[in-house]
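Architecture and fold: a report
Spelled out from the first residue to the last, the chains are:
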Amino acid sequence: MPLSEHEQRMLEQMERALYAEDPKFASALEGNGLRTYTRRRVYQAVAGFLIGIALLMTGMVMQLIWVSVVGFLVMLGCAVLAVTGWRKAPKPGEQPQGAARRQVRPKRSVMDRIEQRWQRRRDEQGR
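How each quantity is defined
Residues numbered from 1 in each chain as written. Predicted model: local features only at pLDDT ≥ 70, side-chain atom pairs only at ≥ 80, totals over all residues. Heavy atoms only, no water. Helix = DSSP H or I, 4+ residues; strand = E, 2+ residues; numbered from the N terminus. Buried < 20%, exposed > 50% of the residue type's maximum accessible area, 1.4 Å probe, protein only. Areas by Shrake-Rupley, 256 points an atom, 1.4 Å probe, with all protein chains shown as cover. Contact = heavy atoms within 4.5 Å. UniProt positions renumbered as here; feature names shortened; annotations may be inferred.

- Taking an unreviewed UniProt entry as the reference, the chain is identified by name as DUF3040 domain-containing protein belonging to Streptomyces musisoli.

Have a look at this one:
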């Protein structure tokens, strides 16, 4: 359920008061968790890629094809994870895409839309 305009204004006032009172704490709560999570995921994927290279080389040296195939699959999977994680990571100082979209256009319920249409029709007929 979306917040009403009054509730949104109250929330914005509380946020401004929090920033004024303790800016360091407010910036810590700002939402850098997604960036940290995606960065950590990319680092894990790079480490997995290196493990895949080690498995591939080990399989080649020991002439065990299945070890080489597993190493290649690990490398492939980790490369996909690293690329997708890197693309999803927000830039420093940028909000995640979903949050920016929600602020620009708040979701309206079906009843709100029906009510607006009804009011528009009544206004048009009254003219």
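1. A closer look at the overall build of the chain
- When helices and strands are tallied, the chain shows six helices and zero strands.
- The secondary structure elements of the chain, listed N-terminal to C-terminal, are α-α-α-α-α-α.
- Taken across its 127 residues, the chain has 13% of its residues classed as buried.
- Summing over all exposed atoms, the chain offers an accessible surface of approximately 11200 Å²; the carbon and sulfur share of this is 61%.

2. Some words on the side chain of Ser68
- Structurally, Ser68 is set in helix 4 (residues 65-88).
- For Ser68, a relative accessible area of 8% puts it in the buried group.
- The contacts of Ser68, once residues within four sequence positions are left out, are Leu55, Leu56, Gly59 and Met60.

3. Examining unusual backbone geometry
- The backbone phi angle of Gln63 is positive, close to 55 degrees, even though this residue is not glycine.
- The topology assignment puts Gln63 in the loop between helix 3 (33-61) and helix 4.

4. Observations concerning the UniProt feature "transmembrane region" (unreviewed entry) in the chain
- Per the UniProt record, "transmembrane region" (unreviewed entry) is found at residues 42-59 and 65-86.
- Helix makes up 100% of residues 42-59 and strand makes up 0%, while its end C-alpha atoms are separated by 25 Å.

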